[in-house]
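# Summary of structural features
Residues per chain are reported as follows:
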Amino acid sequence: MTSRTGPAPRIDLHTHSTASDGTLSPPELVRAASRAGLDVLAITDHDTTAGWEPAVRALPPGLRLIRGAELSCRWSGVQPAVPLHLLAYLFDPDHPELVDELTRVRAAREERGERIVALLRADGIDVHWPDILAGAGGGTVGRPHIAQALIRAGLVGSTGEAFGPDWLGERYRLPKEDIDVFHAVRLVRAAGGVPVFAHPRATRRGRVVPDELIAELAAAGLAGLEADHEDHSPAEQAHVRALAAELGLLVTGSSDFHGTHKTVQLGAFTTGVEAYERIVDAGVTEVASG
Ligand code: AMP
Ligand code: ZN
Ligand code: FE
Ligand code: FE
């Protein structure tokens, strides 16, 4: 996509649908992206590719879709392990080992969700796992679905509040059995995909990994770093850009849109054409066109 005339294409490479913890269905998401004036959208639901087909079928004219996912990973170089997110683009969704890992992580999410609910209930908080699972509507279940139950019960006023230290951010936070990040990078590459570290410096979300680890991941096949993201301060964005330049990694910027589960809007942060083209060139799956 080289546009020598006219405005630069608007490219948002990190969004969630109801296939995980977003609030728009995949068809609604691609239509909203088109209305928001995006030229390229990536659908990157947590640990699933279930949104790909309905998104492709509903793709509006003029919009291109990058099929992706956001993998729940962990780095065990320190204890307790640091959870982190790996965006994976344009991989083969039928790669057997990757399919198995995603299935396993989704099951681990359910198991953790049920344990969080048990902790809440032990403290007399009236939330119900079957309701929460139903609220996820068959998509990958996550803490935002538990947050909705806390809102419905009148215990918190917003998703943001539910992620505070008294609730899912600390007191009722439990780890899940995530994928070892080195294994995930190699698996995404083996499946013909392009791995990009999501919000690698988001200190406001919790602990982050050292730059040395990112260098080791680059040597293992990591392709890029997400720099522009609402959870990065301007200084963190600049740091990520400088690190990417040092390591020869591509740089992305994205909204991480979740519908009404977050306030950020589609296209709030975007990716440059050069990074987009590097991802497209490296991925095994075609970009879908509306
Ligand atoms: P989980 O994947 O179940 O560990 O939940 C993490 C997800 O919760 C992230 O992908 C975000 O969608 C969401 N999340 C994390 N922190 C916040 C926050 N402070 N406010 C709203 N949503 C959040
Ligand atoms: Zn999410
Ligand atoms: Fe994430
Ligand atoms: Fe995300």
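Residues numbered from 1 in each chain as written. Chains lettered and ligands numbered in written order. Predicted model: local features only at pLDDT ≥ 70, side-chain atom pairs only at ≥ 80, totals over all residues. Heavy atoms only, no water.

Looking up the protein chain in an unreviewed UniProt entry gives the name PHP domain-containing protein, with the organism given as Micromonospora parastrephiae.

## Points about the pattern of salt bridges
Scanning the entire structure with this criterion turns up 13 salt bridges. Asp47 serves as the salt-bridge partner of Arg109, at 2.8 Å between the closest nitrogen and oxygen. Of this pair, Arg109 sits in helix 3 (residues 96–122) while Asp47 sits in the loop between strand 2 (40–46) and helix 2 (52–57), and the two are 62 residues apart along the sequence. You'll find Arg109 and Asp47 in the same group, each marked buried. A salt bridge links Arg205 to Asp231; the shortest N-O distance between them is 2.6 Å. (Salt bridge = Lys/Arg side-chain N within 4 Å of Asp/Glu carboxyl O. Helix = DSSP H or I, 4+ residues; strand = E, 2+ residues; numbered from the N terminus. Buried < 20%, exposed > 50% of the residue type's maximum accessible area, 1.4 Å probe, protein only.)

## Topic: the UniProt feature "domain: Polymerase/histidinol phosphatase N-terminal" (unreviewed entry) in the protein chain
UniProt records the feature "domain: Polymerase/histidinol phosphatase N-terminal" (unreviewed entry) at residues 11–75, using the numbering of this structure. What you have in residues 11–75 is 25% helix and 32% strand, and the ends, taken at the C-alpha atoms, are 29 Å apart. (UniProt positions renumbered as here; feature names shortened; annotations may be inferred.)

## Remarks on the coordination of the iron ion (ligand 3)
The protein atoms donating to the iron ion (ligand 3) are Glu70 (OE), His85 (ND1) and His199 (NE2), with metal-donor distances spanning 2.1 to 2.2 Å. All donors to the iron ion (ligand 3) come from one chain, and their sequence spacing reads E-x14-H-x113-H. The metal-metal distance between the iron ion (ligand 3) and the zinc ion (ligand 2) is 5.7 Å. One end of the pair, His85, is in strand 4 (residues 82–89); the other, His199, is in the loop between strand 6 (194–197) and helix 8 (211–220), and 114 residues separate them in sequence. (Donors = N, O, S within 2.8 Å, 3.2 Å for Na, K, Ca; no water.)

## Considering the site of ligand 1
In the vicinity of ligand 1 lie 14 residues, with His46, Arg109, Arg112, Arg143 and His258 positioned nearest. At a separation of 2.7 Å, an oxygen atom of ligand 1 approaches a polar side-chain atom of His258. Protein contacts shield 83% of the accessible area of ligand 1, which totals 500 Å² for the unbound molecule. Elements that contribute at least two residues to the shell around ligand 1 include exactly helix 3, helix 5 (143–152) and helix 6 (159–162). Of the residues contributing to the shell around ligand 1, the split by class is 2 nonpolar, 6 polar and 6 charged. (Near = heavy atom within 4 Å. Polar contact = N/O pair within 3.5 Å; in protein donor to acceptor, adjacent residues only side chain to side chain. Areas by Shrake-Rupley, 256 points an atom, 1.4 Å probe, with all protein chains shown as cover. Nonpolar A, V, L, I, M, F, W, Y, C, P; charged D, E, K, R; others polar.)

## Brief notes about the layout of surface pockets
In this structure, the largest pocket spans a volume of roughly 1300 Å³. Of all the secondary structure elements, the ones that give two or more residues to the lining of the largest pocket are strand 3 (64–75), strand 4, helix 3, helix 5 and helix 6. No other element matches the 4 residues that strand 4 contributes to the lining of the largest pocket. Of the residues belonging to the lining of the largest pocket, the class tally is 16 nonpolar, 15 polar and 16 charged. (1 Å grid on protein atoms, 1.4 Å probe; cavity = no way out; pocket = protein on both sides within 12 Å on 5 of 7 lines; lining within 4 Å. Points joined across faces, edges and corners; volume = space filled by probe spheres on them.)

## Points about helix 4 (residues 129–136)
In an α-helix, one full turn covers 3.6 residues, which means residues spaced three or four apart are oriented alike. Within the span of helix 4, buried status applies to Trp129, Ile132 and Ala136. The arc that holds every buried residue of helix 4, seen down its axis, measures 60°, which confines them to one face. Opposite the packed face of helix 4, turned more than 90 degrees from it, sit the exposed residues Pro130 and Ala134. Count one or two residues on from helix 4 and you reach Gly137, which has phi positive near 60°. (Arc of directions from axis to C-beta.)

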